[in-house]
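Summary of the model geometry
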Amino acid sequence: MATTPSSPFAFLEDLLGRIGEKLQPPAWAVHEVQHRAILFVNHVLQQEPEAQDRLARQQGRVALFRWRHFHVRVVATPAGLLDLAPETAQPDLTLTVAEPSPFAIAGATLRGDKPKVEIEGDVQLAAEINWLADHVRWDVEDDLARLIGDAPAHAIGSTARKVAAALRQFIDKAARTAPSARPPAGGGTE
């Protein structure tokens, strides 16, 4: 008897997983993407003085973030921002995202949930990172307003919120009607 996959995206997840294992980007490209991500995170952190104060108290501490075969080491700076840590830096904290499926992570994020994370190391640093994850948000509308003005930025932000709400509803409905949640065909009893 054939079993039905639990996700409607199972084929795509499997395909992406196999491609991801075989095709690895060059080291310079990985470093550049990590560097740009750190610049973006620092941009967001600079809008939150409390976040910078919390990170400044952790200066010099290294956190290693891992998901599947991706990883990045970051170090807290005296300014309360982040920088890439050398690959040889010993992490004070290791955070490993336990969910292997990018679709499950995206769905959880759209629902407002955090992915499951395995934590090893410094409890205080983990608490500060958890606080950052709970309290620091990118104000997209504010950044857009600097580029195109307040009214157009608000209109775009409003539309984006409506699209996000529709996506959340779609994901919730898909999760409720996933093949593993449906009763067997033919009435249910054998």
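The rules behind each value
Residues numbered from 1 in each chain as written. Predicted model: local features only at pLDDT ≥ 70, side-chain atom pairs only at ≥ 80, totals over all residues. Heavy atoms only, no water. Helix = DSSP H or I, 4+ residues; strand = E, 2+ residues; numbered from the N terminus. Buried < 20%, exposed > 50% of the residue type's maximum accessible area, 1.4 Å probe, protein only. Contact = heavy atoms within 4.5 Å. Polar contact = N/O pair within 3.5 Å; in protein donor to acceptor, adjacent residues only side chain to side chain. Salt bridge = Lys/Arg side-chain N within 4 Å of Asp/Glu carboxyl O. Pairing = 2+ DSSP bridges. Axes fitted to C-alpha atoms, helices over the stretch in contact; angles between N-to-C directions. Arc of directions from axis to C-beta. Phe/Tyr/Trp six-rings, centres within 6.5 Å; stacked < 30°, edge-to-face > 60°. Lys NZ or Arg CZ within 6 Å of the ring centre and 35° of its normal. Parallel < 35°, antiparallel > 145°, perpendicular 65-115°, else oblique. Left-handed = near helix turned anticlockwise from the far one by under 90°. Nonpolar A, V, L, I, M, F, W, Y, C, P; charged D, E, K, R; others polar.

1. Overview of the side chain of Gln52
- On the secondary structure map, Gln52 appears in helix H3 (residues 49-56).
- The class of Gln52 is buried, set by a relative accessible area of 18%.
- Look past the residues within four positions of Gln52 in its chain and what remains in contact with it is Leu45, Gln46, Ala79, Gly80 and Leu81.

2. Examining the side chain of Arg73
- Tracing the sequence through the fold places Arg73 in strand S2 (residues 70-76).
- A polar contact of 3.0 Å, which involves the side chain of Arg73, links it to the backbone oxygen of Ala89.
- When near neighbours in sequence (up to four residues on either side) are disregarded, Arg73 contacts Val62, Ala63, Leu64, Asp83, Leu84, Ala85, Pro86, Glu87, Ala89 and Pro91.

3. Here we look at the pattern of salt bridges
- Taken as a whole and assessed by the stated rule, the structure comprises seven salt bridges.
- With its nearest N and O atoms 2.9 Å apart, the salt bridge here joins Glu32 to Arg36. A residue pair is termed a helical-turn pair when its members lie 3 or 4 positions apart in one helix, as Glu32 and Arg36 do in helix H2 (residues 27-45) at four residues.
- For Arg36, a relative accessible area of 54% translates into the label exposed.
- Note that Arg57 and Glu128 form a salt bridge whose closest N and O atoms lie 3.8 Å from each other. Of the two residues, Arg57 is situated in the loop between H3 and strand S1 (62-67) and Glu128 in helix H5 (residues 123-135); the sequence distance between them amounts to 71 residues.
- For Arg57, a relative accessible area of 55% gives the class exposed.

4. Let's talk about the sheet that holds strand S4 (residues 93-97)
- Taken together, five strands build an open sheet; the order of strands is S3-S2-S1-S4-S5 and the sheet is mixed. The open sheet has two edge strands with one neighbour each: strand S3 (82-84) and strand S5 (117-121). The average undirected angle you get between the axes of adjacent strands in this sheet is 25°.
- Examined bridge by bridge, S1 and S4 share four bridges and lie parallel to one another. Following the sheet pairing, Arg66 is matched in S4 by Thr96.

5. Concerning helix H4 (residues 102-111)
- For H4, the complete set of buried residues consists of Ile105, Gly107 and Ala108. In a view along the axis of H4, the buried residues occupy a sector of 165°, so they form one face of it.
- Looking one or two places after H4, you find Gly112, whose phi comes out positive at around 90°.

6. A closer look at the packing of aromatic side chains
- Inspection of every chain in the model, using the stated rule, returns one aromatic pair.
- Ring geometry for Trp67 and Phe70: centres 5.8 Å apart, planes at 15°, overall stacked.
- We note Arg54 situated over the ring of Trp131; from NZ or CZ to the ring centre the distance is 4.1 Å.
- The cationic tip of Arg68 hangs over the ring face of Trp67; the distance from NZ or CZ to the ring centre is 5.2 Å.

7. Quick look at the packing of H3 against H5
- Axis separation between H3 and H5 bottoms out at 10 Å; the angle between their running directions is 165°. Taken together, the axes of H3 and H5 are roughly antiparallel relative to one another. Every pair of crossing elements has a handedness; the one defined by H3 and H5 is left-handed. Along the contact surface, H3 presents Glu50, Ala51, Arg54 and Leu55, while H5 presents Glu128, Trp131 and Leu132.
- Split by residue class, the contact of H3 with H5 holds four nonpolar, no polar and three charged.

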